[in-house]
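Notes for the structure review
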Amino acid sequence: MKRHRIICSVLIALVALGLQGKSLASQKVIPLTLEKAVEIAMANSYRVKQLQLGIERTRAYLRAERAGLKSQVYMNIKSPEINAISTYKWNSILRKDEIIRQNTRLWQMELSIRQPVILFGYPTDGYLSLNYKTYRYSQKNGYQDINYYNRYFLEFDQPIFQPNRLKNAIENAELKLKRKELEYNADKINLVGDIAEDFYQLFSMSYKNEVYKHHLGNVNRVAQIIQESAQDTNHAIDAIQIKVEKANSQEKVFQNQSELRLAISRMKRRLRINDNDSLTIVPDMKITQIYIDLDDAIQKGFTLNPDLRILSINRRRNKIDLENTKGRNAFHMNIEMTYGLEKEDESYRRLWNNEDNSYSVVVNAFIPLWDWGQRKARIQAQEIGLRKTDLWIEEQKRSIKTEITNAVENVKEYQFRVQSMKKNVDMAKQISGVSIRQFQKSQISLQDLLQNINRQKETEFNFLDVYLGYRDALIKLIGYTFYDYEGNMPLLEHLNRQG
């Protein structure tokens, strides 16, 4: 019995070790940087995938519109059309309507090959088609009367004095695709801004964690100095005071680490990272000296930022709508011409003998006479919409110019401040080191020493605030100009290289 228990315990231990080893093998350590966070977000974000699907759908619509420029083959079949009903018809001999019972059977087939007319690569909105039509028609009125009919012919259909709806439909589909792609790029940059905000929150906590640890290390060093001088009665009160300072410092470390764990958990959910994986953040203060020319930044905002291009696309679509509106209920004509061969006979075999020429010419004209100003009002509404778009473009240009001007000034200001604060942090660290050595030699009091140590912590926190302000100002400038000033390339090009 005892041996059985030992064997079971060993097996359970082996299984547990195997599961633990499998868990450790599946766990990944991800050193998180802003670039890495953006890369993961682009790969896993539901929003990005939805936008990509939206672009694919718009491309499919564009392919459908462009397919309209190619030949189409279709067939209409009636097999059969049966009519056994009574209806009234005009009898010209009796000069009155009379009720006549019909009993007919119709089998009909139409085959057409239809091709848009394109001149010099330009669709004319006209169509040229090759058609074939045949049917069998039988009537019963005490006896059965059967007729067969064949016709194959060319047909030309061309509208005149009206908008080229085929060209407009294709251009509208192309504009929709361009707009979707621009909106996709804009949303990608917005996603970068959101991820940057979450990342620098983690960055701030990680940096604070290092500051608290350094501060605790200084306090422990002072406590060791006091402990080594325990025989000195002057340090009796210092020993109590340093214990309080040490307890407070440790609590700050524990509290910040707890908040950091929660923030990392939220970031995992945001990036859709496996819970078993761990994120590590090294709070490296990256400061790149960059030069920004205001006029160049404004020009980049006008050309790289998709907002203005989206508004330009909206304006062009409004012009297409205005063109279509002007053609609605306006004077226009339509020419239809056919030419071919046909034959009608009671015998199906004789349909291809001695065929007759067949042709037709139809000119339809629509002439508006009075519509109570309906068409004019529609045109005015479209023109007002076009003027609104022009105002939006002008307002957007002013807004982009103002935002970029402020962003450039903020970046320059924070760039100076962050470099100045970095020097202050280095001096504060030197002062703390000198103060500790002076305290060890009993040249300064513990209060003065702790004041210098706390001043170093406050200086490091101030440096963090200025650095985060610098990063925030730079990210806003990048969002307005769509240009990566640190990488010295357009931001979308930088993101595509990452992808």
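Here, every reference points to the structure presented above.
Reading guide: rules and limits
Residues numbered from 1 in each chain as written. Predicted model: local features only at pLDDT ≥ 70, side-chain atom pairs only at ≥ 80, totals over all residues. Heavy atoms only, no water. Helix = DSSP H or I, 4+ residues; strand = E, 2+ residues; numbered from the N terminus. Rg over C-alpha atoms; globule rule 2.2 N^0.38 Å. Buried < 20%, exposed > 50% of the residue type's maximum accessible area, 1.4 Å probe, protein only. Areas by Shrake-Rupley, 256 points an atom, 1.4 Å probe, with all protein chains shown as cover. 1 Å grid on protein atoms, 1.4 Å probe; cavity = no way out; pocket = protein on both sides within 12 Å on 5 of 7 lines; lining within 4 Å. Points joined across faces, edges and corners; volume = space filled by probe spheres on them. Nonpolar A, V, L, I, M, F, W, Y, C, P; charged D, E, K, R; others polar. Contact = heavy atoms within 4.5 Å. Pairing = 2+ DSSP bridges. Axes fitted to C-alpha atoms, helices over the stretch in contact; angles between N-to-C directions. Core = buried A, V, L, I, M, F, W, Y, C linked by side-chain atoms within 4.5 Å. Salt bridge = Lys/Arg side-chain N within 4 Å of Asp/Glu carboxyl O.

What to know about the overall build of the protein chain
- Scanning the protein chain for helices and strands turns up 10 helices and 10 strands.
- The C-alpha atoms of the protein chain give a radius of gyration of 41 Å, which is well past the 23 Å a tight globule of 499 residues would have.
- Overall size of the protein chain, expressed as C-alpha extent along the three principal axes, is 140 × 85 × 40 Å.
- Taken across its 499 residues, the protein chain has 35% of its residues classed as buried.
- Looking at the protein chain as shown, the accessible area adds up to about 31100 Å², and 52% of this sits on carbon and sulfur atoms.

Observations regarding empty space enclosed by the protein
- Going through the model one piece at a time under the given rule, you end up with 1 cavity of 30 Å³ or more.
- One number sums up the size of the largest cavity: a volume of about 40 Å³.
- In terms of lining, the largest cavity is formed by Val211, His214, His215, Asn218, Ile453, Gln456, Lys457 and Glu460.
- Classifying every residue of the lining of the largest cavity by side-chain character gives 2 nonpolar, 4 polar and 2 charged.

Some thoughts on the side chain of Asn314
- Take Asn314: it is sitting in helix H7 (residues 306-327).
- Residues contacting Asn314, with those up to four places away along its chain left out, are Arg179 and Thr389.

Looking at the side chain of Lys268
- Mapped onto the secondary structure, Lys268 falls in helix H5 (residues 236-271).
- Apart from the residues within four sequence positions on either side, Lys268 is in contact with Ile273, Asn274, Asp275, Asp277, Ser278 and Leu279.

Quick notes on the sheet that holds strand E4 (residues 122-140)
- If you walk across this open sheet you meet the 6 strands as E2-E3-E4-E5-E7-E8, and the pairing is antiparallel. Edge strands, defined here as strands with exactly one partner in the open sheet, are strand E2 (72-91) and strand E8 (356-366). Pairwise comparison of adjacent strand axes, ignoring direction, gives a mean angle of 20 degrees for this sheet.
- Sheet topology places strand E7 (residues 332-345) next to E8; 11 bridges connect them, and they run antiparallel.

Things to note about the nonpolar core
- Counting residues in each nonpolar core, the largest one holds 70 residues, and the members touching the most others are Leu32, Phe199, Leu202, Leu271, Ile292, Val411 and Leu477.
- When residues of this core are assigned to their parent elements, the largest contribution, 17 residues, is made by helix H4 (residues 165-228).
- When residues no more than four places from it in sequence are discounted, the contact partners of Val411 are Ile290, Ile292, Tyr470, Ala473, Leu474 and Leu477.
- Formed by 12 residues, the second largest nonpolar core is a distinct cluster that contains Ile225, Ile226, Ile242 and Leu446.

Topic: the pattern of salt bridges
- On inspection of all chains with the given rule, the structure shows 15 salt bridges.
- A salt bridge links Arg315 to Asp390, with the shortest nitrogen-to-oxygen separation between them at 2.4 Å. On the criterion of sequence distance, the pair formed by Arg315 in helix H7 and Asp390 in helix H8 (residues 374-440) is long-range, its members being 75 residues apart.
- Its relative accessible area of 28% is what places Arg315 among the partly exposed residues.
- On the basis of relative accessibility, which here comes to 30%, the residue Asp390 falls in the partly exposed class.
- Its salt-bridge partner being Lys476, residue Asp472 comes within 3.5 Å of it at the nearest N-O pair. Of this pair, Asp472 and Lys476 both sit in helix H9 (residues 446-481), 4 residues apart, roughly one helical turn.
- Overall, the relative accessible area of 40% leaves Asp472 in the partly exposed class.
- Since its relative accessible area comes to 45%, Lys476 is described here as partly exposed.

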